[in-house]
Amino acid sequence: MSTTTEHLQATAAAMPTAPRVESPLRRFTAAFFESRIATAAFGMLLLVVAIALFAPWLSPQDPYDLAVVDIMDSRMAPGEEAMAGFTFWLGSDGAGRDMLSAIFYGLRISLGVGVASGLIAMLIGMCIGLTAAYFGGRVDAVIMRIVDLQLSFPAILVALILVAILGKGVDKVIIALVTVQWAYYARTVRGSALVERSKEYIEAATCLALSHRRIVFRHLLPNCLPPMIVVVTLQTAHAISLEATLSFLGVGLPQTEPSLGLLISNGFEYMMSGKYWISFFPGLALLITIVSINLVGDQLRDVLNPRLER
Amino acid sequence: MSVFIIRRLLQSLGVIFVMSMIVFFGVNVVGNPVDILASDDMTQEQIQAFVARLGLDRPIYEQYWYFVLNALRGDLGNSFVFAEPALKLILQRLPATLELALASMFLSVVIGIPLGIYAGLRPEARSSKVIMASSILGFSLPTFWVGLMFIMVFAVMLGWLPSTGRGDTTELLGIQVSFLTWDGLQHLLLPAINLALFKMSLVIRLARAGTREVALQDYVKFARAKGLSARRVVLVHIMKNIMIPVVTVLGLELGGVIAFSVVTETVFAWPGIGKLLIDSIQLLDRPVVVAYLIITVLMFILINLVVDILYSVLDPRVRLKDVKS
């Protein structure tokens, strides 16, 4: 009796497991969520994005509706009650705005500027990097010289020069961030495209006399994407931090677009009198956003790196 | 060797020229300084005389030409706001910035390398994981917010350290420095730590990666087998070999620290060139902005040049490759 069971178990183990197709996407997701920290960071990031998207419905107050904001509520400590009856969980600022609501709205602007500049920089950098790699020779040399030159100056300096030249405004800050970042994408995509270009499938496509455009965008590009995904996450975090810094310095976004950086900057003057919450909580929101993006990016790098293939 | 240096020098000159052009033409497109500086009750003639005195009525390429001629003579124009030579303003404030930058480099090396080596020697220990997690935090924390929190905790709540300014300065070789007086040192501490956090995380990561690699090499195993003390193996055999990447990166990052001091100086009201730049941008004081940028770009190019040359001295492969190509 016992031998039969053992025998059965042995055959069950020897039998090939159900012919479940392991798609690359599924393998990738499984590998990504292997790390508990990365999973938590991903959840946090989803939460932050959701808050940014649904800010008007989640906030206790519309902080920029003058009919709702009451100056009598200014500089309330966290937990105090507003004239209108709700509680200032995170306190209120100098104009009587609820900090929680201001942070929700600020996240929208910060994330919006960061993601927009990250994506635009990626598109531009990708096209330039692919061009350099695909055509090689003199084109490549000139483009890479410019990239090297740009990367030899720190991002904050270039961004400062640009906003000093262009002035304040959402569009100008995005232009500055894109200018600072395109070179990273160009360098990354060129690196992987150079490797891919020498492979047989590109040779085959060239022999079929396909157009340059088709080869570059349909054959070369998809195979260069994995490292780009990593760069885009990390650079978006960088862009958000840079925008906050510029806004804090008073050369980034105008007061009409109160991102997290501006909220922190506005709280600076109240800090010396011990009213920490006006600067503290927006900074915490900024920190949570940046750390969770960075952790997700780190994990993506580990998972997508072909050298660490498990 | 000299061919290499001459070629690098020529490249640097080219970069300076291009940068001066970008900066000058860029900055001159910004708002009209006349609107800001001329008072409302000036007559039309007075405004014209004012414009002529500042040279704003000439075509822009002519303004640039005079700018280059004057720049070669060390004259980068007068500040609209202070009515003093822009170069003088920058040079007056440069020592404060350099002191801050060097202090934070010092802190990041003195704290970063031991922590990095420790984490590299015991990658699995809990304390190492804490160190690495804090280094991720150091990368992610926005510098200006950390500065604010430092002020909040150490100046406002605890009242241990002052939050603004440079404190008492003493003269050292004709330069005003803060770090020789107790008061100045207290003022220097918070901004220097604030500026150092980012570089410290970088040094920790470099030192850890280097240590993990070097610790497995045969010569380290041999040194251990010879019966050398663990202390000597770490301090001599490992430390020497992880210093190469650390020194290179730090050399290149010195410029980054100077650029990033803009943020720290603004937070702590440190009277350096960074704070001057932000004030000048807001007041549209063009000559000072241009002078700041030119000086910083020069500093950068100089640092890159020195690092490149040092590198070619240390590693002949770099030099040979460049000559061949």
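Computed from a predicted model, the values in this text were never measured in an experiment.

**Let's talk about the overall build of chain B**
Point 1. Tallying secondary structure elements over chain B gives 13 helices and 2 strands in all.
Point 2. Taking the intrachain contacts of chain B between residues at least 6 apart in sequence as the baseline, contacts between residues at least 24 apart amount to 71%.
Point 3. Accessible surface, chain B: about 16,700 Å² in total, of which carbon and sulfur atoms supply 66%.

**As for the overall build of chain A**
Point 1. If you tally the helices and strands in chain A, you get 12 helices and 2 strands.
Point 2. Walking chain A from its N terminus toward its C terminus, one meets helices and strands in the order α-α-α-α-β-β-α-α-α-α-α-α-α-α.
Point 3. Of the contacts formed within chain A by residues at least 6 apart in sequence, a portion of 69% connects residues at least 24 apart.
Point 4. For chain A, the exposed area adds up to about 15,500 Å²; of that, 65% sits on carbon and sulfur atoms.

**With respect to the environment of Phe54 of chain A**
Residues and elements named next belong to chain A.
Point 1. As for its placement among the helices and strands, Phe54 is situated in the loop between α3 (36–53) and α4 (55–58).
Point 2. Taking relative accessible area as the criterion, Phe54 reaches 44% and is therefore assigned partly exposed.
Point 3. Note: C-alpha distance between Phe54 and Ile215 (161 residues apart in sequence) is 41 Å.

**What about the confidence of the model for chain B?**
Low pLDDT marks stretches whose predicted atomic positions should not be read closely.
Residues and elements named next belong to chain B.
Point 1. Overall, the predicted model of chain B reaches an average pLDDT of 78, with 84% of residues at or above 70.
Point 2. Predicted confidence in chain B is weakest over helix α13 (residues 316–324), with a mean pLDDT of 56, and strongest over helix α5 (residues 86–121), with 86.
Point 3. For this predicted complex, the interface confidence reaches an ipTM of 0.76, while the overall pTM sits at 0.80.

**Observations regarding the nonpolar core**
Point 1. Judged by nonpolar contacts, the single largest core of 158 residues is most densely connected at Leu130, Leu160, Leu249 and Leu286 of chain A together with Ile90, Phe144 and Tyr292 of chain B.
Point 2. Top element by residues in this core is helix α10 (residues 212–249) of chain A. It accounts for 17 residues.
Point 3. If we ignore the near neighbours within four places in the chain, the residues touching Ile90 of chain B are Ile273, Leu276, Val288, Ala291, Tyr292 and Ile295 of chain B.
Point 4. Ala132, Met144, Trp182 and Ala183 of chain A belong to the second largest nonpolar core, which has 7 residues in total.

**A short note on empty space enclosed by the protein**
With a probe scaled to a water molecule rolled over the atoms, the places where space remains empty come into view.
Residues and elements named next belong to chain B.
Point 1. By the definition in use, this model includes 4 cavities of 30 Å³ or more.
Point 2. Its boundaries defined by the atoms lining it, the largest cavity holds a volume of some 60 Å³.
Point 3. Forming the walls of the largest cavity are Thr143, Leu195, Phe198, Lys199, Gly256, Val257 and Phe260.
Point 4. Breaking the lining of the largest cavity down by element, the ones donating at least two residues are α8 (182–214) and α10 (230–268).
Point 5. In terms of residue class, the lining of the largest cavity is made up of 4 nonpolar, 2 polar and 1 charged.

**A look at the packing of helix α11 (residues 260–271) of chain A against helix α7 (residues 143–157) of chain B**
Point 1. Relative to each other, α11 of chain A and α7 of chain B sit at 20°, their axes nearing to 11 Å. The angle between α11 of chain A and α7 of chain B falls in the class roughly parallel. Both α11 of chain A and α7 of chain B take part in a crossing whose hand is left-handed. Judged by residue contacts, Gly261, Ile264, Phe268 and Met271 of chain A of α11 of chain A engage Phe144, Trp145, Leu148, Met149, Ile151, Met152 and Val156 of chain B from α7 of chain B.
Point 2. Tallied by class, residues from the contact of α11 of chain A with α7 of chain B come to 10 nonpolar, 1 polar and no charged.

**Structural notes on the interface of chain B and chain A**
Point 1. Residue-level contacts link 39 residues of chain B with 36 residues of chain A.
Point 2. For the pair chain B and chain A, the two sides together bury roughly 3,200 Å², of which 84% comes from carbon and sulfur.
Point 3. Contact with chain A buries surface across chain B, with Phe144, Trp145 and Leu148 of chain B losing the most and accounting together for 19% of the total.
Point 4. Between chain B and chain A we count 0 salt bridges in total.
Point 5. Remark: the boundary between chain B and chain A carries 1 residue pair in polar contact (both at pLDDT 80 or more).
Point 6. Broken down by secondary-structure element, the contributors of at least two residues to the side of chain B that touches chain A are α1 (2–29), α6 (126–140), α7, α10, α11 (273–283) and α12 (286–314) of chain B.
Point 7. The class makeup of the residues in the side of chain B that touches chain A is 29 nonpolar, 10 polar and no charged.

**Details of the layout of surface pockets**
Point 1. Put simply, the second largest pocket is a space of about 910 Å³.
Point 2. Elements with a minimum of two residues in the lining of the second largest pocket: α3 and α12 (277–304) of chain A together with α6 and α8 of chain B.
Point 3. If you tally residues by element for the lining of the second largest pocket, the top one is α12 of chain A, at 6 residues.
Point 4. Residues belonging to the lining of the second largest pocket are distributed by class as follows: 10 nonpolar, 3 polar and 8 charged.

**As for a nonpolar patch on the surface**
Residues and elements named next belong to chain A.
Point 1. Together, Val49, Leu53, Phe54, Trp57 and Leu58 make up an exposed nonpolar region whose accessible area comes to about 560 Å².
Point 2. Going through the elements one at a time, α3 and α4 are the ones with two or more residues in the nonpolar patch.
Point 3. Position of Leu53 among the secondary structure elements: in helix α3.
Point 4. Leu53 gets classed as exposed once you look at its relative accessible area, which sits at 52%.

**Digging into the packing of aromatic side chains**
Point 1. As enumerated under the stated definition, the model contains 8 aromatic pairs over all chains in all.
Point 2. Residues Phe248 of chain A and Phe268 of chain A carry aromatic rings whose centres are separated by 5.9 Å and whose planes lie at 45° to one another, so their mutual orientation is tilted. You can see Phe248 of chain A sitting in helix α10 and its partner Phe268 of chain A sitting in helix α11, a full 20 residues away along the chain.
Point 3. An aromatic cluster is present here, built from Phe248 and Phe268 of chain A together with Phe144 of chain B joined pairwise through their rings.

**What about the packing of α7 of chain B against α10 of chain B?**
The relative placement of two packed helices comes down to the angle between their axes together with the axis-to-axis distance.
Residues and elements named next belong to chain B.
Point 1. Where α7 contacts α10, the axes come no closer than 9 Å and their chain directions differ by 30°. As judged from the angle between their axes, α7 and α10 are roughly parallel. At the point where α7 passes α10, the crossing takes the right-handed sense. Contacts between α7 and α10 involve Thr143, Phe144, Gly147, Leu148, Phe150 and Ile151 on the former and, on the latter, Phe260, Val263, Thr264, Val267 and Phe268.
Point 2. Class assignment for the residues of the contact of α7 with α10 results in 8 nonpolar, 3 polar and no charged.

Definitions and limits used
Residues numbered from 1 in each chain as written. Chains lettered and ligands numbered in written order. Predicted model: local features only at pLDDT ≥ 70, side-chain atom pairs only at ≥ 80, totals over all residues. Heavy atoms only, no water. Helix = DSSP H or I, 4+ residues; strand = E, 2+ residues; numbered from the N terminus. Contact = heavy atoms within 4.5 Å. Areas by Shrake-Rupley, 256 points an atom, 1.4 Å probe, with all protein chains shown as cover. Buried < 20%, exposed > 50% of the residue type's maximum accessible area, 1.4 Å probe, protein only. pLDDT = per-residue confidence, 0-100. Core = buried A, V, L, I, M, F, W, Y, C linked by side-chain atoms within 4.5 Å. 1 Å grid on protein atoms, 1.4 Å probe; cavity = no way out; pocket = protein on both sides within 12 Å on 5 of 7 lines; lining within 4 Å. Points joined across faces, edges and corners; volume = space filled by probe spheres on them. Nonpolar A, V, L, I, M, F, W, Y, C, P; charged D, E, K, R; others polar. Axes fitted to C-alpha atoms, helices over the stretch in contact; angles between N-to-C directions. Parallel < 35°, antiparallel > 145°, perpendicular 65-115°, else oblique. Left-handed = near helix turned anticlockwise from the far one by under 90°. Buried area = accessible area lost by both parts, 1.4 Å probe. Salt bridge = Lys/Arg side-chain N within 4 Å of Asp/Glu carboxyl O. Polar contact = N/O pair within 3.5 Å; in protein donor to acceptor, adjacent residues only side chain to side chain. Patch = residues over 30% accessible without salt bridge, like charges linked within 9 Å, V, L, I, M, F, W, Y side chains within 5 Å. Phe/Tyr/Trp six-rings, centres within 6.5 Å; stacked < 30°, edge-to-face > 60°.

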